[in-house]
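Given next are the chains, with one letter for each unit.
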Amino acid sequence: MTSAQTRQPTTASRPYVVKSKQQVEDITKALVAKPGNTNEDIVAAPGQQTRIAIFHDEKRENDLNELHDGSDDIYYVTNGTATLMLGGTLDSPNEISPGEWRAKTATGGEKVTIKKGDLIFVPRGTRHQRTVTDKKFTMILIKIFSQAQK
């Protein structure tokens, strides 16, 4: 005699998150008030396959080029402008943690100016580097990992 199991829908792995426009504006104002480049997680990565954070950059120049083997990045610019270098190949890459690559220089790629309202998808395996000289640059980062993070 075999017992047939009835499939059931999954249950939520964590609570849902709702941030009103006002709450996002309040978080952004608090970040802007802090010196330097700052960010705040809305959904933290540990134990999850997703990270959502708000970033505010006052200045970001000569950052290392980076590439992620196991995560996609989605940027939504909420204020200011920045320059992204996208694509190409890392020169002499250094693996700083499993699947996380950095390099001082890269070959090839495209320079893209991003501004308020732009949405950018950077798939895993894509070299990227952000340069910010506009002290008012703010974006929402949505990072999707291939595996739950520790």
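Below is a summary of the structure that appears in this document. This structure is a prediction, so every number in the text was calculated from the model and none was measured.

Examined against the element boundaries, Tyr16 turns out to sit in the segment before α1 (21–33). For Tyr16 and Ser97, which are 81 residues apart along the polypeptide, the C-alpha to C-alpha distance reads 30 Å.

With 14 residues, the main nonpolar core has Tyr75, Leu84, Ile114, Ile120, Phe137 and Met139 as its most contacted residues. Listed by contribution, the elements that provide at least two residues to this core are β2 (50–57), β4 (71–79), β5 (81–86), β11 (119–122) and β13 (137–145). Once residues lying within four places of it in the same chain are set aside, the contact partners of Leu84 are Tyr75, Glu110, Lys111, Val112, Ile114, Ile120, Gln129 and Arg130.

What follows concerns the side chain of Thr38. Looking at the element boundaries, Thr38 is found in strand β1 (residues 38–43). Taking relative accessible area as the criterion, Thr38 reaches 12% and is therefore assigned buried. Within the structure, Thr38 has its side chain in polar contact with the backbone oxygen of Leu31 (distance 3.3 Å). If we ignore the near neighbours within four places in the chain, the residues touching Thr38 are Leu31, Ile54, Phe55 and His56.

This paragraph deals with unusual backbone geometry. In the Ramachandran plot, Asn62 falls in the positive-phi region, its phi being about 60° despite a non-glycine side chain. Counting through the fold element by element, Asn62 comes out in the loop between β2 and β3 (65–68). For Ser92, which is not glycine, the phi dihedral falls at a positive 50°. Relative to the helices and strands, Ser92 is located in the loop between β6 (89–91) and β7 (94–97).

Turning to the side chain of Arg51, a few remarks are in order. If you trace the backbone, Arg51 turns up in strand β2. One polar contact links Arg51 to Asn39, side chain to side chain, over a distance of 3.1 Å. Sequence-distant contacts of Arg51, that is, excluding residues within four places in its chain, are made with Asn39, Asp41, Val43, Ala45, Leu141, Ile142, Lys143 and Phe145.

Our next topic: the pattern of salt bridges. Tallied over the entire structure, the rule returns 9 salt bridges. Arg51 is the salt-bridge partner of Asp41, the closest N and O atoms lying 2.6 Å from each other. Residue Asp41 is found in strand β1, and its partner Arg51 is found in strand β2; the two are separated by 10 residues along the sequence. With a closest N to O distance of 3.9 Å, Asp118 and Lys115 form a salt bridge. Judged by relative accessible area, Lys115 falls into the partly exposed class, the value being 46%.

What counts as what
- Residues numbered from 1 in each chain as written.
- Predicted model: local features only at pLDDT ≥ 70, side-chain atom pairs only at ≥ 80, totals over all residues.
- Heavy atoms only, no water.
- Helix = DSSP H or I, 4+ residues; strand = E, 2+ residues; numbered from the N terminus.
- Core = buried A, V, L, I, M, F, W, Y, C linked by side-chain atoms within 4.5 Å.
- Buried < 20%, exposed > 50% of the residue type's maximum accessible area, 1.4 Å probe, protein only.
- Contact = heavy atoms within 4.5 Å.
- Polar contact = N/O pair within 3.5 Å; in protein donor to acceptor, adjacent residues only side chain to side chain.
- Salt bridge = Lys/Arg side-chain N within 4 Å of Asp/Glu carboxyl O.

Note that every value here comes from positions in space, so none of it alone points to a role or purpose.
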